[in-house]
Amino acid sequence: MQPFTLLIKPSGSDCNLDCKYCFYKHRAPEIGTGKQRMTDRVLEKLIKDYMKLAFPVSGFSWQGGEPTLMGLDFYKRVVELQKKYGRGGLQVSNALQTNAVLLDDEWCRFLHENKFLVGISIDGPEKFHYYYRKDHSGRGTFDKVMTAIENCKRHNVEFNTLTLLNANNVDHPDELFDFFLENDIRYLQFITCVERDPATGRIADFSIKPQQYGQFLCRIFDRWYQHSPDKISIRDFDSILSYCVAGKHSICTFDKQCSTYIVIEHTGDAFCCDFFVDPKFKLGSIFETPIEKLAAGDIKRQFARAKRQLCDKCLVCNCLAVCRGGCMKDRAAASGTGDWKRQSYLCEAYKRFFNHAMPRFMQLAAKINAGETFRTQPSLL
């Protein structure tokens, strides 16, 4: 069968921060709210059933909410069970996406020793990070995150950063780029904040506008290209280079169909996608249906193929081959009704960016095909 990876929410939507823009603030109550924790029964069932499939690489991505709320002993148990149910000659990959405020020396020693890839959420310099990313007492978390980054460096933990582009930082690509360079951070992800306010039905005020994102992409690309693409990795750009070199994206945003991962909640319930943890996209439970059937069943297949349902404007667009309509969550955001057979909310941004950058991406692809190497980052999925 087709290999798939797991995006696991061991603490559900529970978090030790209170970020204003968090999309889990409007999570369906039947999925879970408040303190949520995966039991050892769910954990062992999950790992045992997944690893018996004997994929060449068994991929576990631990996310949230905030997954470190499970405590370090939980992840020691994860490694113990992976060793128990693993087979010789097969690889296991663990990734942890975290706000990083709990990553002390003990955590970092464990993460290094067990080869976890860590994604650290940081919105840039303190004035940007502080604006939305506060704890439940209203205090900023920038200093704690920077301490965690230094801990990761000191213990040789492999990490990248994830920056959520929002209304407060998206107009400052140079400040963001310089901040990461000055702090010797070379593996970057930028993701877009596009949410609707459930009270008004309108795009929330902390979301970015397409025009802003287009300007951001063009400027951050120019800085990346000028700095030297073999010295810094930006995940979206890695994917576009992969497409130019091999005809295949490395992220699902621009791929022809949605990613081959499935989401596992703390209860053992499975869902199609992290952005669609909703009862109507529930695949079932690992206690009722074998995990391989959840990943390959009709609901998941129909969801994955739905990305191919493009609007007429997309079908005649000169960017279609590389864009493929973008992420379905951004199409749904554009409609306000959940209809993803629409132009992406970010369509204007992507058109501007691809027309600006594709000639230079093709030049870089030619260099790669000629034998040059470039810095790229492993995926958290």
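Residues numbered from 1 in each chain as written. Predicted model: local features only at pLDDT ≥ 70, side-chain atom pairs only at ≥ 80, totals over all residues. Heavy atoms only, no water.

Student: I would appreciate a short explanation of the environment of Tyr-21 in the present structure.
Tutor: With respect to the helices and strands, Tyr-21 occurs in the loop between strand 1 (5-8) and helix 1 (40-51). Looking at Tyr-21, the relative accessible area reads 5%, which means it is buried. Taking the C-alpha atoms as reference points, Tyr-21 and Tyr-132, 111 residues apart in sequence, are found 6.9 Å from one another. Leaving out residues up to four positions away in the same chain, Tyr-21 has contacts with Asp-123, Tyr-132, Arg-133, Leu-164, Asn-166, Cys-193, Glu-195 and Phe-206. Engagement of the side chain of Tyr-21 in a polar contact is seen with the side chain of Asp-123, the distance being 2.6 Å. One polar contact links Tyr-21 to Arg-133, side chain to side chain, over a distance of 3.1 Å. (Helix = DSSP H or I, 4+ residues; strand = E, 2+ residues; numbered from the N terminus. Buried < 20%, exposed > 50% of the residue type's maximum accessible area, 1.4 Å probe, protein only. Contact = heavy atoms within 4.5 Å. Polar contact = N/O pair within 3.5 Å; in protein donor to acceptor, adjacent residues only side chain to side chain.)

Student: Help me understand helix 10 (residues 298-306), please; the structure alone is not making it clear to me.
Tutor: The α-helix advances 3.6 residues per turn, and as a result positions three or four apart in sequence lie on the same side. Along helix 10, the residues classified as buried are Lys-300, Phe-303, Ala-304 and Ala-306. Projected down its long axis, helix 10 shows its buried positions confined to an angular sector of 160°, all on one face. Where helix 10 is buried, its residues meet strand 8 (261-264), strand 10 (282-285), helix 9 (291-296) and helix 13 (328-335). (Arc of directions from axis to C-beta.)

Student: Is there a simple way to explain the packing of helix 2 (residues 72-85) against helix 3 (residues 105-113) in this structure?
Tutor: To characterise two packed helices, one gives the angle between the axes of the helices and the distance between these axes. Two elements in contact, helix 2 and helix 3, have axes whose closest approach is 11 Å; the angle formed by their N-to-C orientations is 10°. Here helix 3 runs roughly parallel to helix 2, going by the angle between their axes. The residues of helix 3 that touch helix 2, namely those facing Leu-72, Tyr-75, Lys-76 and Val-79, are Glu-106, Trp-107 and Phe-110. Residues of the contact of helix 2 with helix 3, tallied by class, amount to five nonpolar, no polar and two charged. (Axes fitted to C-alpha atoms, helices over the stretch in contact; angles between N-to-C directions. Parallel < 35°, antiparallel > 145°, perpendicular 65-115°, else oblique. Nonpolar A, V, L, I, M, F, W, Y, C, P; charged D, E, K, R; others polar.)

Student: Help me out: how do you make sense of the sheet that holds strand 4 (residues 117-121) in this one?
Tutor: With respect to topology, 10 strands assemble into an open sheet ordered 7-6-5-4-3-2-1-8-9-10, the strand pairing being mixed. Pairing within the sheet leaves two strands with one partner each, and these edge strands are strand 7 (233-234) and strand 10. Here strand 1 pairs with strand 2 (residues 57-62) via three bridges, running parallel. Within strand 2, the position partnered with Leu-6 by the bridge is Phe-60. (Pairing = 2+ DSSP bridges.)

Student: Help me understand the pattern of salt bridges in this model?
Tutor: For side chains of opposite charge, pairing can occur when their charged atoms come near one another. Taken as a whole and judged by the stated rule, the model has 20 salt bridges. For the salt bridge of Glu-44 with Lys-84, the shortest nitrogen-to-oxygen distance reads 3.3 Å. Here the residue Glu-44 occupies a position in helix 1, and Lys-84 occupies one in helix 2, the gap between them amounting to 40 residues. For Lys-84, a relative accessible area of 54% gives the class exposed. Asp-174 is the partner of Arg-219 in a salt bridge, and the nearest nitrogen-oxygen pair spans 3.0 Å. One end of the pair, Arg-219, is in helix 7 (residues 210-227); the other, Asp-174, is in helix 6 (residues 173-182), and 45 residues separate them in sequence. Overall, Asp-174 belongs to the partly exposed group, its relative accessible area being 26%. (Salt bridge = Lys/Arg side-chain N within 4 Å of Asp/Glu carboxyl O.)

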